[in-house]
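What the coordinates show
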Amino acid sequence: MNMIQDTLEHLKFSNCGTDGTFFQAVKEVLESISPLIESDKKYQEHSIIKRLVVPDRQIQFKVSWLDDNNQIQVNNGYRVQFNNALGPYKGGLRFHPSVNSGILKFLGFEQILKNSLTGLPMGGAKGGSDFDPKGKSDTEVMKFCRSFMMELHKYIGSRIDVPAGDIGVGAREIGYLYGTYKQITSSYDGVLTGKPFFFGGSLMRPEATGYGVVYFAKEMLELEHKKSLAGQICTVSGSGNVAIYTIEKLKHLGAIPVTCSDSKGYIYDKRGVDVELLKEIKFEKRLSLEVYLETYKSAVYVKVEDYEEDTHGVWSIPCYAAFPCATQNELTLNDAKNLVANGVEIVTEGANMPTTPEATLILQKEGVLFAPAKAANAGGVAVSSFEMSQNASMQRWSFEKVDLKLQETMKQISKKIVLTAKDYGVERNYVHGANIAGFKKVADAMIAEGI
Ligand code: NDP
C-alpha cells in the first residue's frame with residue numbers, strides 16, 4: 001500500500017472519521033498529488049503526507065457571555081493552528097452554529113495550500129465558534145467577541161498567528177475582537193486582518209476575495225482561449241462578503257450576474273442583480289433576501305422549501321459562468337448536471353469546497369473549465385498579507401496599488417496551476433494543478449526545516 005492510501009486508511013480510524021468535510025478535503029488533495037509523490041521519492045522518505053494531515057495544535061475553549069436578558073450563554077471557541085512552514089499561521093474565524101472542530105480542520109488544511117499558492121509568507125490555520133451572530137444585538141455580539149478574545153489572545157500574535165474574518169465574522173466582529181485584543185495587551189500590532197480602514201485595515205480587503213475570484217475567472221478564460229465574461233449571464237450563490245463583491249466585479253467587467261442567495265432562498269433578477277440594494281439588505285439591515293422584491297417586483301424569489309429535490313436553487317438558471325460563493329458542498333451532482341445541460345462554460349469556486357467531489361468530476365468530464373477554491377478565492381488572504389505588510393511598516397497603500405497587486409497575484413496563481421497541471425501530465429485538471437503546486441512548496445519547506 002502506498003503512502004497516500006496508508007494515510008487515508010489511518011485517518012479513517014482516527015478521530016476524523018470518513019464522512020466529514022476534513023476527510024473529504026484530505027482525500028481530494030492526497031489523491032491529486034500522486035503524480036508528484038510518485039515522481040519524487042523524497043516526500044515519502046520524509047513522511048511529509050503523514051506530517052501534513054495532522055495540525056500542529058488544536059485549541060478549544062469555553063466562551064461564556066451575558067445576553068441582553070442578563071442570561072449566561074456558553075459557546076465553544078476553537079483555533080486550529082495547522083502548519084507554519086511558510087510563515088505565521090493565517091486563516092479566518094467563522095461564527096456559525098454549524099462550526100465544530102472537523103469543519104475547522106478541513107478549512108485549516110485547505111488554507112495551508114491556498115496560502116502557499118499565493119507565494120506569500122503565510123502558514124495555514126482556521127478558527128471560530130458555534131456562536132450565531134444572526135439575530136443578536138450589537139451589544140451581544142460585542143460581549144461574545146470580548147469573551148472569545150479573552151481566551152484567543154493567548155495563542156495569537158503578529159508573528160505567530162494572524163486570524164481574519166470568514167462566515168459570520170465581518171468588519172463589526174473584527175472591530176470588537178481587535179479592540180479587546182488591544183485592551184488586554186496594550187499593543188497596536190497587526191494581529192488580525194480585515195480591520196476597518198480607519199484603524200489599520202487595508203483598502204480593498206472587504207472586496208478582495210470576490211474581486212479576486214472574478215480576476216481569476218478572467219485569467220483562466222484567457223488562458224483557455226474562451227469568450228470573456230463581458231455580456232455573459234453569470235449565476236452567483238450567497239449574498240455575503242464574497243458573493244457581493246463577486247457580483248460587483250462581474251458588473252464592472254460588463255457581465256450580467258442574475259442571481260444571489262442566502263440560507264432561506266434565492267433571487268433571480270434577469271436584468272442583473274442590483275448590488276447596491278444587496279449591500280443595503282445584507283450589510284446594513286441584515287435582512288432576508290426576500291425584501292429585494294419590494295424594490296424589484298419583476299425579480300423572482302424562490303424559497304429553499306421550494307427547491308427541486310437534491311438541488312440548490314441558483315444552479316438551475318442557465319448561465320455561461322457559475323460562481324458558488326456561499327458555503328461548502330452547496331453544488332451537488334444534480335446541480336452540476338443542470339449546469340452542464342444549460343451550457344455552462346466555467347465554474348469558479350468563491351466559497352471553500354462548495355462543489356462536491358461527484359459534481360466536480362461531472363463538470364471536468366464534460367469539459368467545463370473548473371477553477372478550484374484554493375486558487376480562485378486566494379485573493380482575500382493575499383490582501384490580508386498586504387494588510388500585515390502595511391501594519392508592520394506603519395504605511396497605507398492606495399486602493400489602486402492594492403488592486404494592482406491583487407490582479408498580479410491572481411494572474412500568477414492561474415499561470416502556476418496551468419503550468420503545474422501540464423508538467424505533471426494532468427493538463428486542464430486545475431484541481432490537481434493547484435494541489436500539486438500548493439503542496440510542493442510547503443513540503444519542500446518542511447523538508448528544509450527538519451522534523
Ligand atoms: P458571509 O457570512 O459574509 O456570507 C455567507 C453567505 O452564505 C450568506 O449569504 C449566507 O446566508 C450563506 N450561507 C451560509 N451558510 C449557508 C448554508 N449552510 N446554506 C446556504 N447558505 C448559507 O461569508 P463569506 O462571504 O465571508 O464566506 C463565504 C464563503 O467564502 C465561505 O466558504 C468562506 O469560507 C469562503 N471564503 C471567505 C473569504 C473572505 O474573505 N470572507 C476568503 C476565502 C474564502 P445567510 O445570510 O442566510 O446566513
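Residues numbered from 1 in each chain as written. Predicted model: local features only at pLDDT ≥ 70, side-chain atom pairs only at ≥ 80, totals over all residues. Heavy atoms only, no water.

A short note on the overall build of the chain
Defined as follows: To qualify as a helix, a DSSP run of H or I must reach at least 4 residues; to qualify as a strand, a run of E must reach at least 2; elements of each kind are numbered from the N terminus. Here the radius of gyration uses the C-alpha set of atoms, whereas the globule reference equals 2.2 Å times the residue count to the power 0.38. The classification of residues rests on relative accessible area computed with a 1.4 Å probe and restricted to protein chains. Under 20% of the type maximum is buried, over 50% is exposed, and intermediate values are partly exposed. In this description, contact between two residues means that some pair of their heavy atoms is separated by no more than 4.5 Å. Accessible surface is estimated by sampling points in the Shrake-Rupley manner with a 1.4 Å probe; for residues, cover comes only from the protein chains shown. His is not counted here, nor are the chain ends, while Lys and Arg score as positive and Asp and Glu score as negative. Charged side chains are reduced to one point each, which is NZ for Lys, CZ for Arg, CG for Asp and CD for Glu.
Each helix and strand counted, the chain has 18 helices and 13 strands in total. Here the chain has a C-alpha radius of gyration of 21 Å; the compact-globule value for 451 residues is 22 Å, and the two agree. Counting only residues that meet the buried cut, the chain has 57% of its 451 residues in that class. Restricting the contact set of the chain to residue pairs at least 6 apart, pairs at least 24 apart contribute 71%. Surface accessibility of the chain: about 18,400 Å² in total, with carbon and sulfur atoms responsible for 51%. If the 51 positive side-chain charges of the chain are averaged to one point and the 53 negative ones to another, these points end up 4 Å apart.

Some thoughts on the site of the ligand
Just so we agree on the cut-off: Throughout, near means a residue has at least one heavy atom within 4 Å of the molecule or strand. Charged means Asp, Glu, Lys or Arg here, nonpolar means Ala, Val, Leu, Ile, Met, Phe, Trp, Tyr, Cys or Pro, and polar covers whatever is left, Gly included.
Around the ligand, 25 residues are found, and the nearest of them are K134, D166, T209, S263 and N352. Bound to the protein, the ligand loses 81% of the 900 Å² it would expose on its own. Listed by contribution, the elements that provide at least two residues to the shell around the ligand are α9 (205-223), α10 (241-252) and β8 (259-262). Its residues placed into classes, the shell around the ligand shows five nonpolar, 13 polar and seven charged.

Some thoughts on the domain arrangement of the chain
Think of interface size as the accessible area that goes away when the parts come together; that is how it is often given. Counted only if it meets this: Those domain boundaries reflect an automatic or database domain assignment. A quick way to say it: buried area is the sum, across both parts, of accessible area lost when two parts are put together, with a 1.4 Å probe. Should a side-chain nitrogen of Lys or Arg be within 4 Å of a carboxyl oxygen of Asp or Glu, the pair is scored as a salt bridge. Counting of polar contacts relies on pairs of N or O atoms within 3.5 Å, with two restrictions inside protein: one atom must be capable of donating a hydrogen and the other of accepting it, and residues adjacent in sequence are counted only when both atoms are side-chain atoms.
Partitioning the chain into structural domains gives domain 1 (2-188) and domain 2 (206-367). Carbon and sulfur atoms supply 45% of the area buried between domain 1 and domain 2, which totals about 890 Å² over both sides. For the interface between domain 1 and domain 2, the tally reads zero salt bridges. Taken together, the connections running from domain 1 to domain 2 amount to four residue pairs in polar contact (both at pLDDT 80 or more). Tallied by class, residues from the side of domain 1 that touches domain 2 come to five nonpolar, two polar and six charged.

With respect to the sheet that holds strand β1 (residues 57-66)
Selection criterion: Only strands that DSSP links by at least two bridges are regarded as paired with each other. A fitted line through C-alpha atoms serves as each axis, taken over the contacting stretch for helices, and the angle formed by two N-to-C directions is quoted from 0 to 180°.
The strand order across the open sheet built from five strands is β1-β2-β4-β3-β5, with neighbouring strands paired in mixed fashion. One side of each edge strand has no neighbouring strand; the edge strands of this open sheet are β1 and β5 (161-164). On average, adjacent strands in this sheet sit at an angle of 20 degrees to one another, irrespective of strand direction. Bridge count between β1 and strand β2 (residues 72-83): ten bridges; the pairing is antiparallel. When the sheet's bridge partners are listed, V63 is paired in β2 with N75.

A word on the packing of aromatic side chains
What describes a pair of aromatic rings is the distance from one ring centre to the other and the angle between the planes of the rings. Applied cut-off: For this analysis, a ring pair means two rings from Phe, Tyr or Trp (six-membered ring only for Trp) whose centres lie within 6.5 Å, classed as stacked if their planes differ by under 30 degrees, edge-to-face if by over 60, and tilted for the remaining angles. A ring is considered to have a charge above it if a Lys NZ or an Arg CZ atom is located within 6 Å of its centre and within 35 degrees of its normal.
One pass over the structure, following the stated rule, counts 21 aromatic pairs. Aromatic side chains W65 and F144 sit 6.2 Å apart centroid to centroid with 85 degrees between the ring planes, which places their arrangement in the edge-to-face category. Here W65, found in strand β1, pairs with F144, found in helix α7 (residues 138-152); they are 79 residues apart in sequence, far enough to count as distant. F144 shares its class with W65; the two are buried. Among the aromatic residues, those joined into a cluster by ring pairs are F61, W65, F95, F131, F144 and F148. The ring of Y211 has K249 lying over it, and the distance from NZ or CZ to the ring centre is 4.4 Å.

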